[in-house]
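Each chain is listed here by its residues.
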Amino acid sequence: MRRRARILRGKTWAALLRDELARSTLGTDEWMEQHVRILRSDANSRSGLLRLEDQACFVKLYRIPSRWRRTLLGLGSGRPLRSFKAARDLRARGVAVPRPLACLLVREGMLLLSEGLSGDGNLAELWRQQPPGAPEAMAMMRSIGENLALLHRSGYAHGSCRWGNLVWDGRRVYLVDLDRAFKSPLGSMAQAQDLARFTLNAEERHIGPQNYELFLSAYLQGIDESRRVVIERMLPFLYRFRDNHLVDYGAHGQRLV
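Residues numbered from 1 in each chain as written. Predicted model: local features only at pLDDT ≥ 70, side-chain atom pairs only at ≥ 80, totals over all residues. Heavy atoms only, no water.

A.B. asks: How should the overall build of the protein chain be read in this particular structure?
C.D. replies: When you go through the protein chain residue by residue, the secondary structure sums to 9 helices and 11 strands. Taking 2.2 N^0.38 as the reference for a compact globule, 257 residues should give roughly 18 Å; the C-alpha atoms of the protein chain span a radius of gyration of 19 Å, in line with that estimate. Looking at the protein chain residue by residue over its 257 residues, the buried ones come to 53%. A fraction of 64% describes how many contacts in the protein chain between residues 6 or more apart in sequence connect residues 24 or more apart. Accessible area for the protein chain stands at about 13,000 Å²; split by element, carbon and sulfur atoms hold 48% of it. Charge-centre separation for the protein chain: the mean point of 41 positive side chains lies 7 Å from the mean point of 27 negative side chains. (Helix = DSSP H or I, 4+ residues; strand = E, 2+ residues; numbered from the N terminus. Rg over C-alpha atoms; globule rule 2.2 N^0.38 Å. Buried < 20%, exposed > 50% of the residue type's maximum accessible area, 1.4 Å probe, protein only. Contact = heavy atoms within 4.5 Å. Areas by Shrake-Rupley, 256 points an atom, 1.4 Å probe, with all protein chains shown as cover. Lys, Arg positive; Asp, Glu negative; His and termini not counted. Charge placed at Lys NZ, Arg CZ, Asp CG, Glu CD.)

Quick look at the structure:
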């Protein structure tokens, strides 16, 4: 029996995804277990890589048991729809984010389909493989500095600028997981938190002052602000993140600022 699914965004790709689901009698979770290479799964969501029309795609199920919240999704409100819109807006401004393809409302919640990125993985995974001073490592640092600056200059904050949400495709770093992205003016406190979160992860991985300087120089050039102003705006958030990390995990690595 054909499952009930409602297309909310991306008519063509949503129809392809709906047809794939309709070929199975399984629930969406079980269907993902069989057809998706699961990357992350928790009580609220499940995501992974899917081959659709011979193209690599990333699919995320937002589990939404509440009928009221599903009604809001149907009316065009909710995190996956905001993520879709943010990705569309940012790509139009040249920010390197995966292309959003579709939003499909299913019984369990919402499926968000986006472009699957080629490459070896996110910065958190890849950095362990980089020798100090390796050309690819230097290229990664410059690329994320440029892309984060472009995101901020476009009037957005990422909201979760961890290294696990930075994907390298061999040429540039993409910002992924836009669930918490929101409009925020250049120089805002939210953008300072993005920078602090990136910096904390850099300290944890002992990337060294030279690599951090490559990132920071590219970022500062992209937003056309002074180093002093940017660092002063970031430091209160970095101090707080460091303190929290110390409580949860112990010593946090080499300080870079």
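A.B. asks: Quick question: what am I supposed to make of unusual backbone geometry here?
C.D. replies: In most cases, non-glycine residues show a negative phi, while peptide bonds are predominantly trans. Phi is positive for Asp177, close to 60 degrees, though the residue is something other than glycine. Among the secondary structure elements, Asp177 is positioned in the loop between β10 (173-175) and β11 (182-183). Taking relative accessible area as the criterion, Asp177 reaches 27% and is therefore assigned partly exposed. With a phi close to 50 degrees, His206 is a non-glycine residue in the positive phi region. By secondary structure assignment, the location of His206 is in the loop between α7 (189-204) and α8 (208-223).

A.B. asks: Mind showing me how you'd approach the state of the cysteines here?
C.D. replies: Linking two cysteines covalently via their sulfur atoms produces the bond known as a disulfide. Within the structure shown, the criterion is met by 0 disulfides. For Cys103, which is in no disulfide, the shortest distance to another cysteine sulfur is to Cys57 and amounts to 13 Å. (Disulfide = S-S within 2.5 Å.)

A.B. asks: Is there a simple way to think about the sheet that holds strand β3 (residues 45-52) in this case?
C.D. replies: Either a parallel or an antiparallel arrangement is found when strands of a sheet pair, and the pairing is made through backbone hydrogen bonds. Spatial ordering of the open sheet is given by β1-β5-β6-β4-β3-β2, a layout of 6 strands whose pairing is antiparallel. Bordering the open sheet on either side are β1 (6-9) and β2 (37-41), each of which pairs with just one other strand. On average, adjacent strands in this sheet sit at an angle of 25 degrees to one another, irrespective of strand direction. Relative to β3, β2 is paired through 4 bridges, and the arrangement is antiparallel. (Pairing = 2+ DSSP bridges. Axes fitted to C-alpha atoms, helices over the stretch in contact; angles between N-to-C directions.)

A.B. asks: Where do I start with the packing of α7 against α8 in this structure?
C.D. replies: Running from N to C, α7 and α8 point in directions that differ by 165 degrees, and their axes come no closer than 11 Å. Comparing their axes, α8 and α7 come out roughly antiparallel. In this structure, α7 crosses over α8, and the sense of that crossing is right-handed. When α7 is examined against α8, the residues Leu195, Phe198, Thr199 and Ala202 are found in contact with a partner set consisting of Tyr212, Phe215 and Tyr219. Counted by class, the contact of α7 with α8 contains 6 nonpolar, 1 polar and no charged residues. (Parallel < 35°, antiparallel > 145°, perpendicular 65-115°, else oblique. Left-handed = near helix turned anticlockwise from the far one by under 90°. Nonpolar A, V, L, I, M, F, W, Y, C, P; charged D, E, K, R; others polar.)

A.B. asks: What exactly am I supposed to notice about the side chain of Arg46 here?
C.D. replies: By the element assignment, Arg46 lies in strand β3. Within polar-contact distance, the side chain of Arg46 engages the backbone oxygen of Asp29 at 3.4 Å. Those residues in contact with Arg46 that lie beyond four places of it in its chain are Asp29, Met32, Glu33, Ile38, Arg40, Ser41, Val59, Lys60, Leu61 and Arg63. (Polar contact = N/O pair within 3.5 Å; in protein donor to acceptor, adjacent residues only side chain to side chain.)

A.B. asks: Explain the sheet that holds β10 to me, please; I cannot follow it from the model alone.
C.D. replies: On the basis of which strands lie adjacent, the open sheet formed by 3 strands has the order β7-β9-β10 and antiparallel pairing. The strands lining the two open edges of the sheet, one partner per strand, are β7 (121-122) and β10. The sheet contact formed by β7 and strand β9 (residues 166-168) spans 2 bridges and is antiparallel. Note that in β9 the partner of Asn122 across the bridge is Val167. Running at roughly 35 degrees to β10, helix α6 (residues 135-153) makes contact with β9 and β10 of the sheet.

A.B. asks: Just to check I follow, could you spell out the packing of α6 against α7 for this structure?
C.D. replies: Working note: a packed helix pair is described by the angle between its axes plus the distance between those axes. In contact at an axis separation of 11 Å, α6 and α7 are set at 165 degrees when each is read in the N-to-C sense. Between α6 and α7, the interaxial angle falls into the category roughly antiparallel. Where α6 crosses over α7, the two elements pack in a sense that is right-handed. Counted together, Met141, Ile144, Leu148, Leu151 and His152 of α6 and Gln191, Asp194, Leu195 and Phe198 of α7 form the full contact between these two elements. Of the residues assigned to the contact of α6 with α7, the class counts are 6 nonpolar, 2 polar and 1 charged.

A.B. asks: Would you mind going over the packing of aromatic side chains with me for this structure?
C.D. replies: Geometrically, a pair of aromatic rings is defined through the distance of the ring centres and the angle of the planes. Under the definition given, this model contains 5 aromatic pairs. An angle of 20 degrees between the planes, with centres 6.2 Å apart, marks the rings of Phe215 and Tyr219 as stacked. Here Tyr219 and Phe215 lie together in helix α8, a separation of 4 residues that amounts to about one turn. Each member of the pair, Phe215 together with Tyr219, is buried. An aromatic cluster is present here, built from Trp127, Trp163, Phe198, Tyr212, Phe215 and Tyr219 joined pairwise through their rings. Sitting above the plane of the Tyr174 ring, Arg172 keeps its charged end 5.8 Å from the centroid. (Phe/Tyr/Trp six-rings, centres within 6.5 Å; stacked < 30°, edge-to-face > 60°. Lys NZ or Arg CZ within 6 Å of the ring centre and 35° of its normal.)

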